[in-house]
Structure formats: structure tokens, C-alpha cells
Amino acid sequence: MLSQKTLIRLAPWLVVLFCAVLWEAIVVGFKVPSFLFPSLSAVWGATLMHWDPIMMHATQTLFTTLAGFAIAVVFGLALGAAVGSSPVIYKALYPLLVGFNSIPKVAFVPVLVVWFGIGTVPAILTAFLISFFPVVVNVATGLATLEPEMEDVLRSLGASRLDILKKVGLPRAMPYFFASLKVAITLAFVGSVIAETVASNLGIGYLMMAASSSMDMALVFAGLIVIGIMGVVMYELFALVERKVTGWAHRNPNGAM
Amino acid sequence: MDFVRFEDVSLAYQPDAPFAIEDVSLSIRENEFISLVGPSGCGKSTVMKLVTGLKPPSKGYVYVDGRQVAGPQKCVGMAFQASNLLPWRTTLQNVMLPMEIVEPYRSTLRARRAEYEEQARALLKRVGLAGCEDKFPWELSGGMQQRASICRALIHKPRLLMLDEPFGALDAFTREELWCMVRDLWQEEPFTVVLVTHDLREAVFLADTVYVMSKRPGRILVKRDIELPRPRDLDVTYTEPFAAYVHELREHIGHIRGT
Ligand SMILES: Nc1ncnc2c1ncn2[C@@H]1O[C@H](COP(=O)(O)OP(=O)(O)OP(=O)(O)O)[C@@H](O)[C@H]1O
Ligand SMILES: [Mg+2]
């Protein structure tokens, strides 16, 4: 008998395995033509056959994603700190931020291409544009939830606004910040791949566009799976960092207070 | 010379709002222990904010240590009903917080951290929290958190301690233990205390002077000196004179609520 714990640990792998088997069974069973929907084994075959180019393009995508993500983190942290610690800046910027976030980022790609040409830079910037918003919102929320009593305690000790931000505001915002990183990194993949499909000759997005124009559907699917895997790995990585850095917020039964 | 002095102080939170407190005059001697009682919403916490300079008065003057209060005081100790300990800091780190902000500790912290931490440990030990230095706040009981919170309010040796219903959320036994703790700390190294409470026994047991405030807008209705000899033992709470004080204050409060 499996214990509850082992079951929880195995469950995600079982689901993946189940989907893989189902995929293979449907495609083979219904004899779906492979230029429409290749079987998993065909995708695996294509992956092995094109291993080197796939790795090269995946590295490129990982690089652009991480670069865009890094800019988003720095920018998001700074903007979030500004928005969260000043009601005036909050009021002033929020409508603009929300409006900006409603624009599909793919709409920016042509603009970026005109400015920076085809290649890596538009992909990095698209990854950045799409992923900074959750960081800003979470950091701002974390900062704005300072209890008035704690503020009174600090101010009557003679603490400056900067002191309060450093001693209470930022540490309190950290769980929110790290939670946002998980979301932001997956969004960054979306951004870089979108830009690569339209405006690059490198990266998994480009690889998939090239493969689909030569009707190599197995390679297209291989690209999709590679992106998915990179996304999951990065997500888990940041989830791990989150648990390590802000354990207090999870061990505390009353949440972040 | 009065340490804290209010001259006809009124405060409205918004310019056109009615006064939260009105024409409050009081004077507190250095190292006096005063207690403020009154109905909920009468402006007790507001008086605290005025003493500490977190709010400027709309009318009247507030003086602390002979100087008119302009802006937040630099080194007041405060503790509230909620302990407000920072969950990412250990108990010791929480108690050390004022040392990172208040001068002269702040600028000497780097060089003399060990010495200051020793002071914090000694204070924690003093209130019965030896061994809890490295625990996080959520690992402490409510009473222990409140002890730590009071240590944090006192570590930088403030001349003024503000306590806003600090024992309100505790059970009766723990509350009496903490009364004695505050009494002892105060008796050993006196400082001026303003204690807001709903508990008349607490006020009479701890304070030199009890002020009763009216319903909103808050005014000082009664100033009562408590002439029970010090040091006061918990046994004093079962004596005739103690009961008489509590009863008298009880009647004043009854009047306020009745009208
Ligand atoms: N920040 C604020 N903004 C506007 N009004 C406030 C604010 N704080 C308090 N008040 C008002 O001022 C009055 C006095 O409030 P205060 O908090 O001083 O009462 P209190 O005596 O401490 O009450 P309690 O015993 O319930 O703590 C209340 O009527 C309240 O509505
Ligand atoms: Mg109050």
C-alpha cells in the first residue's frame, strides 16, 4: 500500500505518464496523420534527431527569458517599492500600470523590431514587459499592509521612512515578492517565445516557426515540450527559493500577520 | 517640573470632523505612573498619539520635558494590545529593533553589538523569557509575546513608556503576572508611564494617578491619586482601600455610560 505522502510525491509524475500514454494511444489508435498530430514516440524521435539544434535554441530561449526576467525583477522591485510606500505614487501610477498590463504584449513586438531589429533584444524586452507587472503588484501589496501600530512604534522611536521601509516594509513584502517570482518567470517564457516566433532567427520560438513552415509537426511539438519543461523547472526553482528565504511566512499559522 | 503637560488640548482627525478629544489638560511628573480609563472610543489612544507627537494638536499645547512637542518623539517606548512582533525576527532580534533606530545605540551598534545583545538577554531573562531568545514570535504564547513586546519597548531605556491596553488580550492570571512584571521593571529603574486600560483594578494596582475620560469628545472628568503604599503586592488588591478606589472609579464610569 502506498502511503499518503508517497502518493502525493508520485501523483504529478503519474499524471504526466497517464497523459503521455493517452496521447500515444489516441494518435496510434485512431491513426491520426502525423502532419496534423504526431505521436509522442514520433516527437521523441524528432527530439533525438534534432538534439543539438534543440539544445542550442533552448539555451537561447533560456538566456533571453532569464535576462528579461532579471530586468523585470529589478524594475518591478523598485517600482513596487515606490508604489507601495507612497499613496501619491500609487494613485498616480496605478491606472497607467493596469492599462499597460491589459495590452497583449505581442502587440509590442513590431514596435521593438523597428527599434532594435530582429533578434535577441526584442525577445528580452518582451519577456521583461510581460513579467514585471506581477512583481510590482505583489511588492506594492506587501508594503501597503504595514499595521498602523507597528508604524507608530517605529516612528515614536524616531525612525525615518527609509528605516521603516528597510526594517519592516521590505521584509514583510518578501513573501509576496518571492511568490510573484514564480508567476513572473513563467510569464517571461511566454514573452520570449512570442517574440522569437515573430521576430528572431534564434530560440525555441523560431525553431517551432521554422519547423511548422516545413510541416515538421513532430519538431514543433518537441519545441512545445521543451518550453514546458523549462517553465516547470524554473517555477520549482523559485518555489524552492521562496520556501528557503521566507519560511517564516509559511511556518507562522497566522500568515504574514 | 512636569514631564508631560497638556494645556487645553483638542484634536480633530480631519479638519471638519468633530473633536476626538476636547480641552484636555493634564500634567504628569517625571517617573509618574498614570493610567487613563474611559469608554471605548473616548480618545485614550488619541492622547497617546499626542504625547508621542504622532499627531499634532488641533488646539492647545503639548509639552514633553519642558519642550513643545513638534513631530514624533525620538525615543518613546510603546506597546499595544497586539504584540506587533516581527514574525521574521527571533525574540532577541525583535527586542533589539529599537537599538537599530535610536541614538546613541544606532551608531554604536556595529562596534558594541555583543554588549547590547547582552542587555537584551538580561532584560528577557528579567521578564522570565530566558531560553526564548532564539524562538520566533509564533512559537511563544500570547503572554510571552506580550512580555517580549514590553522588553522591546524598554530596551533603549526610554524616559517615557506608552502602554495601550497591553494586557487586554490575556487571561486573568497571566495579566496579574504581567502587572507585577511591569511594576518591578518600573520600580527598579523608574520611567514615566502612561497606561491605557479598560481594567479598573489594573489601573488602581499600577498607577499613581488615574484619569477618567468622558465619552466622545473625550475630556478629563476625574483625576484620582491612588495613595496605596508602594511597593504594592498583589495582596493589596483584596484590601478594603483598594476596593474603595475601584468602586469609586467604577461609579464615575457608570455615570458616563448612564448619561
Ligand atoms: N486615524 C483616525 N482617523 C479618524 N478618526 C479616528 C482615528 N483614530 C481614532 N479616530 C476617532 O477618534 C475617536 C477616539 O479614538 P481613540 O482610538 O483615541 O479611542 P480609544 O479611547 O482609544 O478607544 P478604545 O478604547 O476602543 O481603544 C474615535 O471616535 C475614533 O473614531
Ligand atoms: Mg484605543
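Residues numbered from 1 in each chain as written. Chains lettered and ligands numbered in written order. Predicted model: local features only at pLDDT ≥ 70, side-chain atom pairs only at ≥ 80, totals over all residues. Heavy atoms only, no water.

Caption draft 1: Region of the structure containing the overall build of chain B. The helix and strand inventory of chain B stands at 7 helices and 10 strands. Here the C-alpha atoms of chain B give a radius of gyration of 18 Å, agreeing with the 18 Å that 2.2 N^0.38 yields for 259 residues. Overall, chain B is about 55 × 45 × 35 Å in size when its C-alpha atoms are taken along their principal axes. In chain B, 70% of the contacts between residues at least 6 apart in sequence involve partners at least 24 apart. Taken as a whole, chain B presents about 11,500 Å² of accessible surface, with 50% of it coming from carbon and sulfur. Of the charged side chains in chain B, 33 are positive and 35 negative; the average position of the first set lies 5 Å away from that of the second. (Helix = DSSP H or I, 4+ residues; strand = E, 2+ residues; numbered from the N terminus. Rg over C-alpha atoms; globule rule 2.2 N^0.38 Å. Contact = heavy atoms within 4.5 Å. Areas by Shrake-Rupley, 256 points an atom, 1.4 Å probe, with all protein chains shown as cover. Lys, Arg positive; Asp, Glu negative; His and termini not counted. Charge placed at Lys NZ, Arg CZ, Asp CG, Glu CD.)

Caption draft 2: Here's a closer look at the interface of chain A and chain B. Contact with chain A, which involves 21 residues of that partner, is made by 26 residues of chain B. Of the roughly 2,200 Å² buried between chain A and chain B on both sides combined, carbon and sulfur atoms contribute 66%. Where chain A touches chain B, the interface holds 2 salt bridges. A salt bridge links D163(A) to R106(B); its shortest N-O distance comes to 2.7 Å. On the surface where chain A and chain B come into contact, there are 5 residue pairs in polar contact (both at pLDDT 80 or more). Elements with a contribution of two residues or more to the side of chain A that touches chain B: α7 (148-155), α8 (161-199) and α11 (247-251) of chain A. Looking at the side of chain A that touches chain B element by element, the count peaks at 6 residues for α7(A). Considering only residue class, the side of chain A that touches chain B consists of 10 nonpolar, 3 polar and 8 charged. (Buried area = accessible area lost by both parts, 1.4 Å probe. Salt bridge = Lys/Arg side-chain N within 4 Å of Asp/Glu carboxyl O. Polar contact = N/O pair within 3.5 Å; in protein donor to acceptor, adjacent residues only side chain to side chain. Nonpolar A, V, L, I, M, F, W, Y, C, P; charged D, E, K, R; others polar.)

Caption draft 3: Region of interest: the packing of aromatic side chains. All names here are of chain A. Counted according to the given criterion, the structure contains 17 aromatic pairs over all chains. Here F75 and F128 contribute two aromatic rings whose centre-to-centre distance is 5.4 Å and whose plane-to-plane angle is 80°, an arrangement assigned as edge-to-face. Linking F75 in helix α3 (residues 51-85) with F128 in helix α6 (residues 120-144), this pair joins segments that are 53 residues apart in sequence. With relative accessibility at 11%, the residue F128 sits in the buried group. When its relative accessible area of 36% is taken as the criterion, F75 is described as partly exposed. An aromatic cluster is defined as three or more aromatic residues linked by ring pairs; in this entry it consists of F75, F100, F108, F128 and F132. (Phe/Tyr/Trp six-rings, centres within 6.5 Å; stacked < 30°, edge-to-face > 60°. Buried < 20%, exposed > 50% of the residue type's maximum accessible area, 1.4 Å probe, protein only.)

Caption draft 4: Summary view of the packing of helix α5 (residues 109-116) of chain A against α6(A). Residue and element names in this part refer to chain A. Running from amino to carboxyl end, α5 crosses α6 at an angle of 140°, the nearest separation of the two axes being 9 Å. In terms of axis orientation, α5 runs oblique to α6. In terms of crossing hand, the pair formed by α5 and α6 is right-handed. Counted together, V109, L112 and F116 of α5 and V121, P122, L125, T126 and L129 of α6 form the full contact between these two elements. Grouping the amino acids of the contact of α5 with α6 by side-chain chemistry returns 7 nonpolar, 1 polar and no charged. (Axes fitted to C-alpha atoms, helices over the stretch in contact; angles between N-to-C directions. Parallel < 35°, antiparallel > 145°, perpendicular 65-115°, else oblique. Left-handed = near helix turned anticlockwise from the far one by under 90°.)

Caption draft 5: Structural detail: a nonpolar patch on the surface. Residue and element names in this part refer to chain A. Together, L2, L7, L10, W13, L14, L17 and V21 give the surface a local cluster of nonpolar side chains, amounting to about 710 Å² of exposed area. Within the element layout of this structure, L2 appears in the segment before α1 (4-29). Exposure remark for L2: the relative accessible area of 46% places this residue in the partly exposed category. (Patch = residues over 30% accessible without salt bridge, like charges linked within 9 Å, V, L, I, M, F, W, Y side chains within 5 Å.)

Caption draft 6: Region of the structure containing the sheet that holds strand β3 (residues 33-37) of chain B. Residues and elements named next belong to chain B. The 6 strands lie next to each other as β6-β7-β8-β3-β9-β10, forming an open sheet whose pairing is mixed. The open sheet terminates on both sides in strands that have one partner only, identified here as β6 (77-79) and β10 (220-225). Averaged over all neighbouring strand pairs, the angle between strand axes comes to 15°, with direction disregarded. Bridging between β3 and strand β8 (residues 192-196) involves 4 bridges; their strand directions are parallel. The partner of L36 across the bridge, within β8, is V196. Across the sheet, helix α4 (residues 142-154) lies against β6 and β7 (160-164), angled at about 165° from β6, the strand it touches most. (Pairing = 2+ DSSP bridges.)

Caption draft 7: The nonpolar core, seen in detail. Grouped together as the largest cluster of nonpolar side chains are 102 residues, with contacts concentrated most on F6(B) and I150(B). Both domains that meet at this core, namely domain 1 (1-75 + 191-227) and domain 2 (78-158) of chain B, each give it at least three residues. Discounting residues that sit within four places of it in the chain, I150(B) has contacts with A79(B), L163(B), F167(B), M181(B), V182(B) and L185(B). Formed by 34 residues, the second largest nonpolar core is a distinct cluster that contains F177(A), V220(A), I227(A) and M234(A). (Core = buried A, V, L, I, M, F, W, Y, C linked by side-chain atoms within 4.5 Å. Domains from an automatic or database assignment.)

Caption draft 8: Molecular detail of α4(B). For α4(B), with 13 residues, the first-to-last C-alpha span of 19 Å sits near the 18 Å given by 1.5 Å per residue. In terms of residue burial, α4(B) counts as a mostly covered element, since 10 of its 13 residues are buried. Here α4(B) has its buried residues at G143(B), Q146(B), R147(B), A148(B), S149(B), I150(B), C151(B), R152(B), A153(B) and L154(B). In this fold, the buried residues of α4(B) make contact with α7 of chain A together with β6, α2 (91-96), α3 (105-126), β7 and α5 (172-188) of chain B. (Expected span 1.5 Å × (residues − 1).)

Caption draft 9: Expanded view of the confidence of the model for chain B. Per-residue pLDDT for chain B averages 92, and the proportion of residues at 70 or more is 99%. Our summary of model confidence lists the complex with pTM equal to 0.80 and ipTM equal to 0.85. (pLDDT = per-residue confidence, 0-100.)

Caption draft 10: View of the site of ligand 1. Residue and element names in this part refer to chain B. Around ligand 1 lies a shell formed by Y13, A20, S40, G41, C42, G43, K44, S45, T46, E165, H198 and R216. Between a nitrogen atom of ligand 1 and a side-chain N or O atom of Y13, the distance comes to 3.4 Å. The separation between an oxygen atom of ligand 1 and a polar side-chain atom of R216 is 2.6 Å. In isolation ligand 1 offers 630 Å² of accessible surface; the protein chains occlude 65% of this area. Residues belonging to the shell around ligand 1 are distributed by class as follows: 3 nonpolar, 6 polar and 3 charged. (Near = heavy atom within 4 Å.)

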